[in-house]
Amino acid sequence: MIRAVIEQTYRRTMTHGAMIFGALVVVAFGVFNAPQIPYGLAWLIVLGTGSQLIGPEFSSGTLQLIVARPVNRSRYLLSRVGGAFAAIVTVDAIAAASLAVGKYAGNNPDSWSALGQAAGKYALGGLLALSLLALFGSFTRSYANIAIYIVLETAFAATIAWLAMMRMPRERSSALASFLQRRPEVVKAVKWLSGNLFPDATAVTREYVLLILANSAVALFLGCLFFRRREIPYGAD
Amino acid sequence: MTVVAEETSASPLRMPRRGISVRGLRKSFRDSGASKEVLRGVDLDIEAGEVIGLIGANGAGKTTLMSCLLGFLFPDAGDLQIDGLAVDDMAVRARTGFVPERTAFGRNLHGRDFLIYMARLAGLSRADAAARIDALMERLELTDAAERPLGNYSRGMLQRIGLCQALVGQPDFLFLDEPTSGLDPSGLLLVRDLIGEQKARGATVLLNSHQLAEVERICDRVYFLRDGRIERAETLRATRIIPIMITLLPGSFDVEALRSHGLSVEGSVATATVEDDAGIAALVRLVIATGAGVVEVRRAGADLEQMFRKGGSPTGATGGLLPRGGP
């Protein structure tokens, strides 16, 4: 990891106008509402921060200034994710603190354990999202990484719902429905893939933590691999 | 060639530097499904401490060549070395400075913070970086803009801060891509002086510029690129040829006397070539000594411009100094 890159990424993220506004909104909702709302809003900060990873730097020409330096590309990518994750953890702390204040004020009926679980899920989910966005940014330009992320997440949710509908027993099954009923492993595979890329757990368990860490590591490894082999043409866009 | 080498530490002993060597460099791009070869076997040698100009029309391959040397692009074939090491060796990167045609970074970042970040990436401590940056910003007349966001910088200021970031690590190898683009006359003079200073401290400079007059003033040698190949190389400094035209007062001169001193005379205009400013003064003294009345003395235009226009040397030679071992 490169300390200068981590610090720079953290500072840029935390001083961004949208970030400050977002954090204030999170605090306001945290003090007066249940954890779903502040963490839902804070998730937008994860996506906003992650969208900045690699792709936009490629398009703006910033990467050329970086790779002309004695900077290992893999270490640079990991440091960028590290800085972004540090910013997300800070937002997490802000959200948790605001929820704690809300609970003391009697505005929040959730247990301390539930609040802790929400904070843990946000940090872990943020880590995986940042890793995926860095991976997508390692081979795309501009903000295509966030587009891929959102399209994939939406497509998986829609596909799973559609497959579930298709598998429901009917009087006259279509060929596809019959196929899916015969081959349940297809639905299982889609669910497995979705569960790995966009996992959703009711509680932060040991398995959930391991899943997030393993999948983030795979995403970052692939991201480093792509980024190391990536050409950075002059005046890319 | 490996894409990214592991970081290596530079030798504590300062070995004699070996410059830049390119052999058989080929690079192609895919364009609308078809492969287009932009560099078709480039060979060149740059001695340590030389200032070299790259000249060629748009699409000739200048930027691609520079991008390969900087590790932005990976060659299809060829051997590229800087100081005897692969171009993507971290020891080389630590001694390299690069000025892009347009410096792009976060618009909200202040100029000084940007430079500190770049300096730290170059391996400088925060304290060393701060001292060097202050000196550089003052030298490049950016001190007043140090605390302003880069988004508020003019094109010329961005160009100058681009130079600052390249020079902050005191590079041994400096790659400049159109460094005077967007600069006002004072900025242009500043850049010219800076390049001179880099040369004086022994840095090797590769300059990619369309401004022929600048290249001619700054560079020791130039490489002409055409259709992805080195068409020829010309030495500007060592055997620099300056054509001089002297307009004489009609009836005041002896044609044969002037010709006996190697001048060509046509009408009332005598022409000759010299190598430097001292040569001009000596030529004028010589002409006056023959009894001729001198009305006007002037340089007969930029010779590099003539080379570029005519595709040949103004001295009549078809080629200059080609790279060692090259075609």
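### Observations regarding the overall build of chain A
Scanning chain A from terminus to terminus reveals 11 helices and zero strands. When the elements of chain A are put in sequence order from the N terminus, they spell out α-α-α-α-α-α-α-α-α-α-α. When its C-alpha atoms are laid out on the principal axes, chain A stretches across 65 × 55 × 30 Å. Put simply, 75% of the contacts in chain A that link residues at least 6 apart link residues at least 24 apart. Chain A carries 21 positive and 11 negative side-chain charges, and their two centres are separated by 5 Å.

### Description of the interface of chain A and chain B
Every contact between the two is made by 30 residues of chain A and, on the other side, 37 residues of chain B. Across the interface of chain A and chain B, roughly 2,900 Å² is buried in total on both sides, 57% from carbon and sulfur atoms. Counting across the interface, chain A meets chain B through three salt bridges. Where Glu7 of chain A meets Arg126 of chain B, a salt bridge forms, and the shortest distance between an N and an O atom there is 3.2 Å. Of all the secondary structure elements, the ones that give two or more residues to the side of chain A that touches chain B are helix 1 (3–14), helix 5 (62–67) and helix 6 (73–104) of chain A. The element that contributes the greatest number of residues to the side of chain A that touches chain B is helix 1 of chain A, accounting for seven residues. In the side of chain A that touches chain B, the residues fall into 13 nonpolar, six polar and 11 charged.

### Describing the layout of surface pockets
Any empty space left between atoms is shown by rolling a water-sized probe over those atoms. All names here are of chain A. Each pocket or cavity is described by its volume, and for the largest pocket that value is around 910 Å³. For the lining of the largest pocket, the elements supplying multiple residues, two or more each, are helix 1, helix 2 (17–32), helix 3 (36–51), helix 4 (55–60) and helix 6. The residue makeup of the lining of the largest pocket, split by class, is 13 nonpolar, 16 polar and six charged. Taken together, 24 residues form the lining of the second largest pocket, with Lys121, Tyr122, Pro199, Asp200 and Tyr208 sitting closest to its centre. Of all elements in the fold, only helix 3, helix 7 (112–137), helix 8 (144–167) and helix 11 (206–228) reach the threshold of two or more residues within the lining of the second largest pocket. Considering every element that reaches the lining of the second largest pocket, the biggest residue donor is helix 7, with eight residues. Of the residues belonging to the lining of the second largest pocket, the class tally is 16 nonpolar, four polar and four charged.

### Describing the sheet that holds strand 5 (residues 85–86) of chain B
All names here are of chain B. Taking strand neighbours across the sheet as the criterion, the four strands line up as 2-1-4-5 in an open arrangement whose pairing is antiparallel. The open sheet has two edge strands with one neighbour each: strand 2 (34–46) and strand 5. In this sheet, strand 4 (residues 77–82) lies alongside strand 1 (residues 20–31) in antiparallel orientation, the contact comprising five bridges. Within strand 4, the position partnered with Ile20 by the bridge is Ile82. Where helix 1 (residues 62–69) meets the sheet, its contacts fall on strand 1, strand 2 and strand 4, and the angle it forms with strand 1 comes to roughly 115°.

### Points about the side chain of Gln198 of chain B
Residue position: Gln198 of chain B is located in helix 6 (residues 185–200). In contact with Gln198 of chain B, not counting residues within four places along its chain, are Leu167, Leu174, Ala203 and Val205 of chain B.

### Examining the nonpolar core
By size, the foremost hydrophobic cluster in this structure holds 137 residues, and its most contacted members are Tyr76 of chain A together with Leu65, Leu69, Phe105, Phe114, Tyr117 and Phe175 of chain B. The greatest single-element share of this core, amounting to 14 residues, is contributed by helix 7 of chain A. Once residues within four sequence positions are removed from consideration, Tyr76 of chain A is found in contact with Ile2, Val5, Ile54, Glu57, Leu63, Ile66, Val71 and Phe227 of chain A together with Tyr117 of chain B. Core analysis: the next-biggest nonpolar cluster, separate from the first, contains 15 residues, Phe253, Ala270, Val274 and Val287 of chain B among them.

### Digging into the confidence of the model for chain B
All names here are of chain B. For chain B, per-residue confidence averages 82 on the pLDDT scale, and 85% of positions sit at 70 or higher. When mean pLDDT is taken per element in chain B, strand 4 scores highest with 94 and helix 10 (residues 303–310) scores lowest with 66. Confidence drops under pLDDT 50 across residues 312–327; counting only partners more than four residues distant or on other chains, this segment forms 31 contacts.

### A few points about a nonpolar patch on the surface
A contiguous nonpolar patch, built from Phe139, Val218, Phe221, Leu222, Leu225 and Phe226 of chain A and spanning about 520 Å² of accessible area, is present on the exposed surface. Tracing the backbone shows Phe139 of chain A in the loop between helix 7 and helix 8.

### Focus on the pattern of salt bridges
For the coordinates displayed, the defined rule picks out 20 salt bridges over all chains. In this structure, Arg23 of chain B engages Asp45 of chain B in a salt bridge whose closest nitrogen and oxygen atoms are separated by 2.6 Å. Separated by 22 residues along the polypeptide, Arg23 of chain B in strand 1 and Asp45 of chain B in strand 2 bring together distant segments of the chain. Given the relative accessible area of 28%, Arg23 of chain B is considered partly exposed. One network of salt bridges, in which partners are shared, links Arg3 and Glu7 of chain A together with Arg120 and Arg126 of chain B.

### Brief notes about the packing of aromatic side chains
Applying the stated rule across the entire model yields eight aromatic pairs over all chains. With 5.4 Å between their ring centres and 75° between their planes, Phe139 of chain A and Phe226 of chain A make a pair best called edge-to-face. Of the two residues, Phe139 of chain A is situated in the loop between helix 7 and helix 8 and Phe226 of chain A in helix 11; the sequence distance between them amounts to 87 residues. Here Phe226 of chain A falls in the partly exposed class, since its relative accessible area comes to 37%. Among the aromatic residues, those joined into a ring-pair cluster are Tyr39, Trp43 and Tyr122 of chain A. Positioned over the ring face of Phe227 of chain A is Arg73 of chain A, at 5.7 Å from the centre of the ring. The positively charged end of Arg232 of chain B is found above the aromatic ring belonging to Phe224 of chain B, 4.1 Å away from the centroid.

### Let's talk about the environment of Ala219 of chain A
Residue and element names in this part refer to chain A. Within the secondary structure, Ala219 sits in helix 11. Taking the C-alpha atoms as reference, Ala219 lies 18 Å from Ile88; in sequence the two are 131 residues apart. With residues near it in sequence (within four places) discarded, Ala219 still touches Ser131, Leu132 and Leu135.

### Side note on the pairing of strand 8 (residues 204–208) of chain B
Two faces, one strand: in a regular strand the side chains alternate between the faces of the sheet. All names here are of chain B. Of all five residues making up strand 8, five are buried, and the element is well covered by its neighbours. Of the two faces of strand 8, the one carrying Thr204, Leu206 and Asn208 and the one carrying Val205 and Leu207 are both buried. Here strand 7 (residues 173–177) runs beside strand 8; their pairing, made up of five bridges, is parallel. By the bridge assignment, Phe175 is partnered in strand 8 with Leu206. Following the backbone out of strand 7, through helix 6 and into the adjacent parallel strand 8, one traces a crossover that is right-handed.

### Examining the pairing of strand 2 of chain B
All names here are of chain B. Bridge analysis of strand 1 against strand 2 gives 10 bridges, and the strand direction is antiparallel. Paired with Arg26 across the strands is Arg40, a residue of strand 2. Linking two consecutive strands that pair antiparallel, namely strand 1 and strand 2, is a turn of two residues; a positive phi of about 55° is found at Ser32 within it.

Conventions we followed
Residues numbered from 1 in each chain as written. Chains lettered and ligands numbered in written order. Predicted model: local features only at pLDDT ≥ 70, side-chain atom pairs only at ≥ 80, totals over all residues. Heavy atoms only, no water. Helix = DSSP H or I, 4+ residues; strand = E, 2+ residues; numbered from the N terminus. Contact = heavy atoms within 4.5 Å. Lys, Arg positive; Asp, Glu negative; His and termini not counted. Charge placed at Lys NZ, Arg CZ, Asp CG, Glu CD. Buried area = accessible area lost by both parts, 1.4 Å probe. Salt bridge = Lys/Arg side-chain N within 4 Å of Asp/Glu carboxyl O. Nonpolar A, V, L, I, M, F, W, Y, C, P; charged D, E, K, R; others polar. 1 Å grid on protein atoms, 1.4 Å probe; cavity = no way out; pocket = protein on both sides within 12 Å on 5 of 7 lines; lining within 4 Å. Points joined across faces, edges and corners; volume = space filled by probe spheres on them. Pairing = 2+ DSSP bridges. Axes fitted to C-alpha atoms, helices over the stretch in contact; angles between N-to-C directions. Core = buried A, V, L, I, M, F, W, Y, C linked by side-chain atoms within 4.5 Å. Buried < 20%, exposed > 50% of the residue type's maximum accessible area, 1.4 Å probe, protein only. pLDDT = per-residue confidence, 0-100. Patch = residues over 30% accessible without salt bridge, like charges linked within 9 Å, V, L, I, M, F, W, Y side chains within 5 Å. Areas by Shrake-Rupley, 256 points an atom, 1.4 Å probe, with all protein chains shown as cover. Phe/Tyr/Trp six-rings, centres within 6.5 Å; stacked < 30°, edge-to-face > 60°. Lys NZ or Arg CZ within 6 Å of the ring centre and 35° of its normal. Right-handed = clockwise from strand over helix to strand, strands pointing away.

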